[in-house]
Amino acid sequence: MISALFRKAYRDVTKRRVRSVLTLLGILIGVGGVVAIVSTGENLARAQQAAYANASQNDIAYWVWNAPASLPRAVRDIDNVRAAELRVDFFTRCRWNGGNAGEGNAAASVPYGTLAAAFPHARDVYLHGIADFENQRVDQVFLRAGRFPKQGEIVIEQSALAVIPLQFGDTLTCRGNGAEPNRTFTLVGAVQTPNYPNAALLDYATLYAPSNDVIRLLGASGANGLLLKVNDLAQARDTARDVSQLLDRRNIQRNAPTLRDPQNFLGKRELDALLAVLSIFSVVGLITSGFLVANTLAAIVTEQVSEIGTLKALGGTRGQVMLVYLFSALVYGIVGTALGLLVGAFASWQLMLYVGTLLNLTVDFQMSPLGIALGVVVGIGVTLLAGALPAFGATRIPVKRALESYGITPTYGAGRLDRIVQRIVALPPLAAMSVRNLARRKGRALVTMLVIGVAVATSLAAQAVSVTVDRAIDDLFRTYRADAWLWFGEYVGENMRAALTTVEGVEEAEVWSLQNVWVVKKSERGREGEIESGRDREREREAARARLWGIPANTTLYIPKLVEGRWLRAGEADRAVISTDLVESLGVRVGDEIQVDTGDAPRAFRVVGIAIDNSVFLGSQVAGKVFVPETIVAKMQGREGWATFFAVGLTRHDSDGVDAQLDVISQKFKRYQMGSDSAAREVKGAKEQTRILTIALAAMSVLVGVIGALGVVNTITLNVLERRREIGVLRSIGASDANVMQAFLTEGLAFGIGGWLIGIVLGYPLGLILAGVMEAVLFHLNYVFTFQMVLVSLGFALLLTTIASLIPALVAARMKVKEVLRYE
């Protein structure tokens, strides 16, 4: 019996090849999406964790000033230190000449401000100096092409070659701060920095050169970065305290240490958001595929009503009738799932390569057993569930009606909906007939509209979330009235603020500071809530890593968006404002006390306000922000009267104007090794970093749209087959090819309008769900849903159904009168 059922199911599936292909495509897309998402997530998470654990990433990092070359040897003598190396880091601008080395060397003696005419190409770069490229042990870079640089040479992070059109042998002239105003380097190689974002996301290039060259360009006498690897990460705080004491004894300027978070890695939040969004779309795709399967099996049941009657007349039971069509669903499920597994594996590989490139990861592809299992269970399970309803419907058909059926229910026109549709007279006769035909197969029409509605809802949700994220980024940066930020390679007096305002075009300047810290709700600790430096891994999870911002209480360059409480007041020493995402991480409210640990001495603060400021983007490893008066941060860091970071407001706010004024400021204060960044560049970089999410939204909405189009093609193809005699009658009374096409294209447009109305109802909550998922892992979002999106979705629905209706309409137009009138 089983073999007979399979043979019957196989004949049903292969009898209508076009319909079966369309149905299988829907299942394929749904299953492929599940497999691709699960496999990609597991592979990327594995690659991220492996790179984080094995790529020699630093466990402790210090900013130092003029550190001597002998310092690492002394640091390595401290317990728990496995390796210590110096770096020289310099953020500057470089211009390139496109390969004319002679011109490049000549330009080295030209003042940098005049280089724009000679070299129209310039870009912000982060230049890192390494003493010994061959024996790196911390934050290793790996050679991928060419060779490591010697004096006067440079290598580039390989992803930057996509944004800077350079070839080996080309020269770059970089702006300096020291006695040597500019320095020219020859490009000799390309390297990869694991877990370092792609240059397209960062909006600057990363370059590496010998330390001595960068030191001279910086105008310093030693290194400004100290990187450490430790043997036991759980003891990193104690180790950092010992290293800090060593640096203080040697009178080496330093900032507070930055410790690696063992529970986080670069890009984890963005990866979590991407996979969450893709998972939701995959579920939507599977539901849409289920509609498609149900529609197909319902059509098979309709075509085989007489066969059902014969089977029952011969003694077939309801269970046997139901099994016949469930086996058809099973055949669709098995074939579609098998194809979906193959397509999902390929899609996972491509998606993994793309995301891996953005995050600069070397990813080894492995098929996920969980992804395969879910694909099989979901693919076959959804198909069987979708087929159960039409299969059950087949069992309820009486023998008499089944044997007398001509494929159209005799009650057509008797129902209220039928009568309402039949009253449509405002349309031309053919168009009105097409719209009335929708009521002939109400179930099929409803399922088709639901499929289109899901596709429209997906398109609406993708639009809404993309606009929501972009507006959120714009709103976040409106909080900052500063047009640019300046930082110096050494401590400068706070009177630098007044000196900056003397530069033409600088309207305001304020001393700010920022530092990564650990924050814990004080009531969660005994002994006044202190965070013990030797706490174990489990207790470490109770604290949140945050960014401590020191801002003047009377700031005019920061406009807090408070949701509760108040802002800081001048003279307050133990008050803080925290961001909303830190509230979610720690459960802190206004009036609670928090303990802020900079790595030196923990300090308690009373929370007086909560603000929306979650402007932390790609690769951020902090849970939120803590704002305290800058004077208090200076005391905590032991630098009262000194500063390294300033926010400035300028007369010009456009990107070009800000860059021009930053060049002027840099030239005036170049002896202080100044670096700078503009708010416009930060906004652009933030939007670029969320581009992968936008691409994922667009891709998944297209895939769901394809499934919707397949549903329309399937339905109208069935309608064409059922109405072959009607088509013959129309042709025999003089209907042209265009008239026949118009009838089915109009039917498709009617499906589109109906699906669009359903999509509007579904699209708003679907977008709200997606925005909520992204907000949970990224930053605060105010959901945006506009009338313009609704109009765009109408165009999407009509375009989708018109294109999908075109193929069956053309088939109908090519039918011959003689053939269709003889059709049984």
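Alignment of strand β14 (residues 562-565) against strand β17 (residues 603-611), held across three bridges, turns out to be antiparallel. Paired with glycine 565 across the strands is glycine 609, a residue of β17. Relative to β17, strand β15 (residues 575-579) runs parallel, the two being bridged by five bridges. Counted as the bridge partner of valine 577 is glycine 609 from β17. Relative to β17, strand β16 (residues 593-597) runs antiparallel, the two sharing four bridges.

Before going further, it helps to spend a moment on the pattern of salt bridges. All told, the structure shown has 15 salt bridges when counted by the stated rule. Its salt-bridge partner being glutamate 572, residue arginine 566 comes within 2.6 Å of it at the nearest N-O pair. With a shortest N-O distance of 2.9 Å, arginine 639 and glutamate 630 are connected by a salt bridge. By the burial criterion, arginine 639 is buried, and glutamate 630 matches it. The network of salt bridges with common partners includes Arg183, Asp213 and Arg216.

A few words on the state of the cysteines. This model, assessed by the stated rule, comprises one disulfide. Put simply, cysteine 94 and cysteine 174 are joined by a disulfide, and their sulfur atoms are 1.9 Å apart. Sign of the S-S torsion, about 105° for the bond between cysteine 94 and cysteine 174, identifies this disulfide as right-handed. Here cysteine 174 lies in strand β6 (residues 171-175) and cysteine 94 lies in strand β2 (residues 81-96), a separation of 80 residues in the sequence. Assessed through its relative accessible area of 1%, cysteine 94 is described here as buried. The exposure class of cysteine 174 is buried, given its relative accessible area of 0%.

Turning to a nonpolar patch on the surface, a few remarks are in order. Taken together, Ile334, Val335, Leu339 and Leu342 make up a surface patch of nonpolar side chains, about 340 Å² in accessible area. Structurally, leucine 339 can be placed in helix α11 (residues 318-358).

Position of asparagine 80 among the secondary structure elements: in the loop between α3 (71-76) and β2. Assessed through its relative accessible area of 17%, asparagine 80 is described here as buried.

Okay, the confidence of the model for the protein chain next. Looking at the protein chain, pLDDT values average 76 and 72% of them are 70 or higher. Contacts of residues 98-120 to residues separated by more than four positions or lying in other chains number 36 contacts, the stretch itself having pLDDT below 50. Counted against residues more than four places away or in other chains, residues 524-541, with its pLDDT under 50, gives 33 contacts.

Turning next to the packing of aromatic side chains. All told, the structure shown has 17 aromatic pairs when counted by the stated rule. Ring plane angle 65° and centroid distance 5.9 Å describe the contact between phenylalanine 346 and tryptophan 349, whose orientation is recorded as edge-to-face. Remark: tryptophan 349 and phenylalanine 346 occur in helix α11; sequence separation between them is three residues, near one turn of the helix. A relative accessible area of 37% places tryptophan 349 in the partly exposed class. On the basis of an interplanar angle of 35° and a centroid distance of 5.3 Å, the ring pair of tyrosine 558 and phenylalanine 627 is categorised as tilted. Of this pair, tyrosine 558 sits in the loop between β13 (544-551) and β14 while phenylalanine 627 is found in strand β18 (residues 625-629), placing the two residues 69 residues apart along the sequence.

For the rest of this paragraph, the subject is helix α7 (residues 211-218). Counting buried residues along α7, six of its eight residues qualify, which places the element largely inside the surrounding structure. Taken together, the buried positions of α7 are occupied by Ser211, Asp213, Val214, Ile215, Leu217 and Leu218. Positive backbone phi, at 80°, marks glycine 219, one or two positions downstream of α7.

The rules behind these values
- Residues numbered from 1 in each chain as written.
- Predicted model: local features only at pLDDT ≥ 70, side-chain atom pairs only at ≥ 80, totals over all residues.
- Heavy atoms only, no water.
- Pairing = 2+ DSSP bridges.
- Helix = DSSP H or I, 4+ residues; strand = E, 2+ residues; numbered from the N terminus.
- Salt bridge = Lys/Arg side-chain N within 4 Å of Asp/Glu carboxyl O.
- Buried < 20%, exposed > 50% of the residue type's maximum accessible area, 1.4 Å probe, protein only.
- Disulfide = S-S within 2.5 Å.
- Patch = residues over 30% accessible without salt bridge, like charges linked within 9 Å, V, L, I, M, F, W, Y side chains within 5 Å.
- Areas by Shrake-Rupley, 256 points an atom, 1.4 Å probe, with all protein chains shown as cover.
- pLDDT = per-residue confidence, 0-100.
- Contact = heavy atoms within 4.5 Å.
- Phe/Tyr/Trp six-rings, centres within 6.5 Å; stacked < 30°, edge-to-face > 60°.

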